[in-house]
Amino acid sequence: MGKKTFAESILSWYRRHGRHLPWRETKDPYRVWVSEIMLQQTTVKAVTPYYDRWMKLFPDMNTLGRAPLQSVLKAWEGLGYYQRARNLRASAGIFVERFSGQIPPSYETLIRLPGFGPYTTSAVLSIAFDLPYPVLDANVRRVLMRYFLIEGNVSPNNDNLLRTNLDPLLPAKGMGDFNQALMELGALVCTPGNPQCLLCPVREGCRGLEAGEQEVIPAPKSMPSTRLEAVVAVFEQNGRFLIQQRPPTGLLAGLWEFPGGKIEPGESREQALRREMKEELGADIEVGPYLTGVTHAYTRFVVRLHVYECRLKTEPKKSGPPRRWITLRGMNRFPFPSGSVRIIRFLGNRAKNRAEEDSHTR
DNA sequence: AAAACGGGGGC
DNA sequence: GCCCCAGTTTT
């Protein structure tokens with residue numbers, strides 16, 4: 001009886017130390033798929049509550065495949081990368097219409113569908129169908145680049161090197177568990193900073209540890225970061241607020257927001273508001289009191305939103321993006337980016353405070 | 001090969 | 001305040 005193989009070491013560690021997560025309680029392809037999409041570039045901590053809510057709203061493929069896009073986006077509100085939700089809905093429609101509501105267990109078929117890239121396709125096929133596709137995600141890349149001492153950045157070239165090195169170490173069966181075990185090791189032990197090499201089941205064969213390079217592999221990527229100032233206009237008429245829909249493509253596509261825009265260099269906030277509302281609504285406005293400030297961080301820039309109560313002096317034009325007058329409660333049905341959600345929360349608190357003051361001074 | 005595409009957690 | 005995350009798609 002020889003020593004444990006790489007795969008055996010990883011798997012036995014996973015059985016002992018792997019976390020119990022909602023999407024690991026099942027091999028239902030639909031649930032596995034939804035979890036994989038949600039987990040793209042998104043931490044387990046952030047996904048868990050969304051996943052639980054999602055399965056109540058859209059418990060199976062047929063429900064999702066027939067759901068209105070707006071309700072799907074609403075369920076995704078705050079998770080980010082909203083194209084994922086659109087792709088999920090689009091592919092669910094295809095599964096319902098062309099595959100009897102089933103996910104076909106074929107790499108060539110899935111990879112053509114919206115939202116199925118190399119990672120997701122392999123993950124779904126290995127985890128839900130026990131097919132022999134290894135995955136390369138950020139965790140696996142980090143673990144294996146360290147293990148094989150592949151220095152430098154994550155790149156297609158290094159990915160090929162990884163696959164070549166990994167191939168002889170793959171298990172004969174149970175690829176789904178192996179993939180999840182490798183990812184879990186990256187998430188819990190072989191972390192970006194302060195990796196817990198003493199607790200690692202494969203530290204003996206790790207060439208990165210041997211070379212003392214484990215902390216600097218893969219090479220850290222520097223993130224350009226800029227700051228941006230923007231203004232937001234809140235119009236209220238008879239308890240209803242003006243919101244408008246963003247364009248169907250690009251940043252935050254199809255989500256709703258309060259009108260506003262970027263402050264140009266040398267411009268005051270008030271000037272920016274009047275200019276933006278002239279451009280967006282075709283209306284002249286009066287800028288009222290400052291309501292609140294919200295800082296909203298994106299991957300490569302930070303926006304500071306300055307929110308002002310405003311009043312329309314002229315009627316808005318009819319053309320332009322869809323616009324609606326909506327009560328605070330009515331906003332439950334519209335998907336907003338997180339920055340807008342915080343403004344809505346502010347307006348809700350303000351309304352509550354006003355109601356309380358009324359009840360005291362009455 | 002690089003950029004676009006969100007947001008929150010961790011330090 | 002910076003870095004990262006169960007990637008995909010477009011440029």
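Predicted model only: the values in this text are computed from it and were never measured. Along each chain, the written sequence defines residue order, and numbers are assigned to residues from 1. To read the labels, note that chains go from A and ligands from 1, taken in the order they are written. The predicted origin of the model limits local features to residues at a pLDDT of at least 70 and limits the giving and counting of side-chain atom pairs to 80 or more, whereas totals for whole chains, interfaces and linings rest on all residues.

Q: Explain the overall build of chain A here, please?
A: Here a helix means four or more residues in a row that DSSP labels H or I, a strand means two or more in a row labelled E, and each is numbered from the N terminus. A count of helical and extended segments in chain A gives 14 helices and seven strands. Viewed in the frame of its principal axes, chain A has a C-alpha envelope of about 85 × 50 × 45 Å. Looking at the 362 residues of chain A, the share that counts as buried comes to 30%. A separation threshold of at least 6 residues defines the contact pool for chain A, and within that pool the share at least 24 residues apart is 66%. Neighbour counting defines burial: a residue surrounded by 20 or more other C-beta atoms within 10 Å of its own C-beta is buried, one with 12 or fewer is exposed, and intermediate counts give partly exposed, using backbone-placed C-beta atoms. Throughout, a pair of residues is in contact if the C-beta atoms placed from their backbones lie within 7 Å.

Q: Sorry, what's going on with the domain arrangement of chain A here?
A: Much of the literature gives interface size as the accessible area that the parts lose upon coming together. Domain start and stop points were drawn from an automatic or database domain assignment. As assigned here, chain A comprises domain 1 (6–216) and domain 2 (226–361). Taken over C-alpha atoms, the centre of domain 1 sits 37 Å from the centre of domain 2. Note that Gly is not counted as nonpolar here; it falls among the polar residues with everything else outside the nonpolar set of Ala, Val, Leu, Ile, Met, Phe, Trp, Tyr, Cys and Pro and the charged set of Asp, Glu, Lys and Arg. Of the residues contributing to the side of domain 1 that touches domain 2, the split by class is three nonpolar, two polar and two charged.

Q: How should the protein's contact with DNA strand C be read in this particular structure?
A: Here, nearness means that the C-beta atom of a residue, built from backbone geometry, sits within 6 Å of the molecule or strand in question. In the neighbourhood of DNA strand C, 34 residues make up the surrounding shell, with Leu 39, Gly 117, Tyr 119, Thr 120 and Asp 137 lying closest. Contributions of two or more residues to the surface near DNA strand C are made by α2 (29–38), α8 (118–129), α9 (138–147) and α11 (175–188). Here the surface near DNA strand C gets five residues from one element, more than from any other, and that element is α11. Residue composition of the surface near DNA strand C, by class: 14 nonpolar, 15 polar and five charged.

Q: Help me understand helix α13 (residues 269–280) in this model?
A: Since one α-helical turn is 3.6 residues long, residues separated by three or four positions face the same way. Each residue after the first adds 1.5 Å to the expected span of a helix. In this model, α13 (twelve residues) spans 16 Å end to end at C-alpha, consistent with the 16 Å of a helix rising 1.5 Å per residue. Those residues of α13 that sit buried are Ala 272, Leu 273, Arg 274, Glu 276 and Met 277. As for α13, its buried residues are in contact with β1 (226–237), β4 (260–262), β5 (285–297) and β6 (301–312).

Q: How should the nonpolar core be read in this particular structure?
A: Where a protein is soluble and globular, its nonpolar side chains tend to be buried together. Here a nonpolar core is just a set of buried residues of the types Ala, Val, Leu, Ile, Met, Phe, Trp, Tyr and Cys, joined wherever their C-beta atoms sit within 7 Å. Ranked by size, the top nonpolar core spans 52 residues in total, and within it Ile 10, Val 124 and Leu 182 carry the most contacts. Sequence-distant contacts of Ile 10, that is, excluding residues within four places in its chain, are made with Phe 178, Ala 181, Leu 182, Leu 185, Pro 201 and Val 202. Listed in part, the 22 residues of the second largest apolar core include Val 234, Ala 272, Phe 336 and Leu 347.

Q: Whenever I open this one, the packing of helix α1 (residues 6–17) against α11 confuses me. Can you help?
A: The geometry of a pair of packed helices is captured by two quantities: the angle between their axes and the separation between those axes. Every angle, taken between N-to-C directions, lies between 0 and 180 degrees, and every axis is a line fitted to C-alpha atoms, over only the stretch in contact when it is a helix. Interhelical geometry of α1 versus α11 gives an angle of 70 degrees and a closest axis separation of 9 Å. Here α1 is positioned roughly perpendicular relative to α11, judged by the angle of their axes. The two elements α1 and α11 meet at a crossing, and its hand is left-handed. Taking contact as the criterion, the partners of Ala 7, Ile 10, Leu 11, Trp 13, Tyr 14 and His 17 in α1 are, on α11, Asp 177, Phe 178, Gln 180, Ala 181, Leu 182, Glu 184, Leu 185 and Leu 188. Grouping the constituent residues of the contact of α1 with α11 by class yields ten nonpolar, two polar and two charged. Here is the rule for angles: anything less than 35 degrees is roughly parallel, anything more than 145 is roughly antiparallel, 65 through 115 is roughly perpendicular, and the remaining ranges are oblique. In this scheme, a crossing is called left-handed if the near helix is turned counterclockwise away from the far one by less than a right angle; it is called right-handed if the turn is clockwise.

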